[in-house]
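Spelled out from the first residue to the last, the chains are:
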Amino acid sequence: MKRKLFAMLLALALLLSLLGCAMAEAEMITVTDVLGREVTVKKDVQRVVITFNIEEYLAVTGVEGVDKIVGYSHAYWQGRREDAWGTYTTAFPQLLETPDVGYNDDINVEAILALNPDVVLMSAPVNYTFMETQLEKFDAAGIPVAFFNFHAQTLEMHRASMLLLGQIMGNESRAAEIADFYEEQMNLVYDRIATLGEDAHRPNVYMEFSMGPGTFGNTWSTRMWGALIGQCGGTNIAADLGDANSVEIAPEQVIAADPELIIFTASPRTDVSDNVVLGYGADADAAKAALKSYESRTGWSSLSAVQNGKLSAVYHDLSRHIFDFAGTQFIAKQIHPELFGDVDPVANLESFFEKYMPVELEGVWLISLDGE
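All figures in this text were calculated on a predicted structure; none of them were measured in a lab.

Asks: I'd like to hear about the sheet that holds strand β3 (residues 48-50), residue by residue, with values.
Replies: Here four strands make up an open sheet; going across it, the order is β4-β3-β5-β6 and the pairing parallel. At either margin of the open sheet sits one strand with a lone partner, and together these are β4 (69-72) and β6 (145-148). The mean angle between the axes of side-by-side strands here comes to 20°, regardless of whether they run parallel or antiparallel. Where strand β5 (residues 119-123) meets β6, four bridges bridge the pair, whose relative direction is parallel. Bridged to Val-120 within β6 is Val-145. Of the strands in this sheet, β3, β5 and β6 are in contact with helix α8 (residues 155-169), which crosses β6 at around 155°.

Here you go:
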């Protein structure tokens, strides 16, 4: 009798063990990140470390996602995007107390491991370059790392990255809605630019990171803003200057190219005071005055863009984000106003923030001297 009871108890224990394993497995999901890596994460993620694109994460999670952040790269905002840093830390003061896990080649793997996150969200290619040799440490600790990518600046990769965030954070329907909104906004540009014939005029465009009239900031050739010029139906005067993320251009080259449009990218800086400042809390009058001051640069009075008032500026981080459609629409409208008279990039950006972002859109994001 005792042997029979023991056998029954042993069988029950085995059954409970198997059920426990099955339940544990049911609480995990496997996703494929944008690098094609299979990543297994908890179905109900509660502890997140994120090293880039926090705004995309918060668009997917909403306010509820703030308290799930147990570590992030402060340098992504603080100093680099002081306006965004101030806006988000004012709205969510707990972010100020969240540990800094480092940035790019200074990411502190040991600090991340000590936080015991359910998942680490990183950007490819920004972080993968530095973290490829460190991933085995996360594997050994049983901490999954997933990579997304908004730097590729393609509709397909933006969609894939948003859907991945939605899968991981259990907000798939919201992520799909955001991705659809983004695709609709980008197609406003793609569909209309596609109507340009082979013989259509594609104006010469020069773009520069605003560092003040006395300092020539960098420009872009085939990447970032440089790539967008061509996508928006323009001709980039710096297209042949290399394949780096940003490139230098001589003042004489700009004058010789005589661009028909000049577009600055602008954001707050702590090291200069006469640059164009756009973003959260920016002042429209101050930004336009700073933009107009560029007309006094040596030799610029003869440029077609200056003579025709075709100077404009766009918030620098309206690229490589899920809301960068506004920057693309603005550039396309500057280059081909005849195609985009009914498109209001600011109104579309406001609509996105109202629907999906946990903070209000306030400030100035796009300006032009001719009012277009």
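Asks: Could you give me a rundown of the nonpolar core, with the residues and numbers involved?
Replies: Counting residues in each nonpolar core, the largest one holds 100 residues, and the members touching the most others are Leu-121, Val-276, Leu-318 and Phe-352. Once residues lying within four places of it in the same chain are set aside, the contact partners of Leu-121 are Val-48, Val-49, Ile-50, Thr-51, Tyr-57, Ala-146, Phe-148, Leu-165 and Ile-168. Listed in part, the 16 residues of the second largest apolar core include Ile-112, Leu-115, Met-122 and Ala-124.

Asks: Account for helix α2 (residues 54-61), with residues named and values stated.
Replies: Spacing of three or four residues puts side chains on the same side of an α-helix, whose turn is 3.6 residues. Taken across its eight residues, α2 has eight buried, putting it largely inside the fold. Those residues of α2 that sit buried are Ile-54, Glu-55, Glu-56, Tyr-57, Leu-58, Ala-59, Val-60 and Thr-61. In the segment just after α2, Gly-62 is the residue with positive phi, at about 70°.

Asks: Can you lay out the sheet that holds strand β8 (residues 235-236) for me, pointing to particular residues and giving the numbers?
Replies: Across a sheet, paired strands are connected by hydrogen bonds in the backbone, their directions being either parallel or antiparallel. One open sheet accounts for five strands, arranged β8-β7-β9-β11-β13; its pairing is mixed. Two strands close off the open sheet at either side, each with one partner strand: β8 and β13 (366-368). When strand β7 (residues 204-209) meets β8, the two strands line up parallel, connected through two bridges. Paired with Val-205 across the strands is Asn-236, a residue of β8. Of the strands in this sheet, β9 (261-266), β11 (311-315) and β13 are in contact with helix α12 (residues 284-292), which crosses β13 at around 50°.

Rules used throughout
Residues numbered from 1 in each chain as written. Predicted model: local features only at pLDDT ≥ 70, side-chain atom pairs only at ≥ 80, totals over all residues. Heavy atoms only, no water. Pairing = 2+ DSSP bridges. Helix = DSSP H or I, 4+ residues; strand = E, 2+ residues; numbered from the N terminus. Axes fitted to C-alpha atoms, helices over the stretch in contact; angles between N-to-C directions. Contact = heavy atoms within 4.5 Å. Core = buried A, V, L, I, M, F, W, Y, C linked by side-chain atoms within 4.5 Å. Buried < 20%, exposed > 50% of the residue type's maximum accessible area, 1.4 Å probe, protein only.

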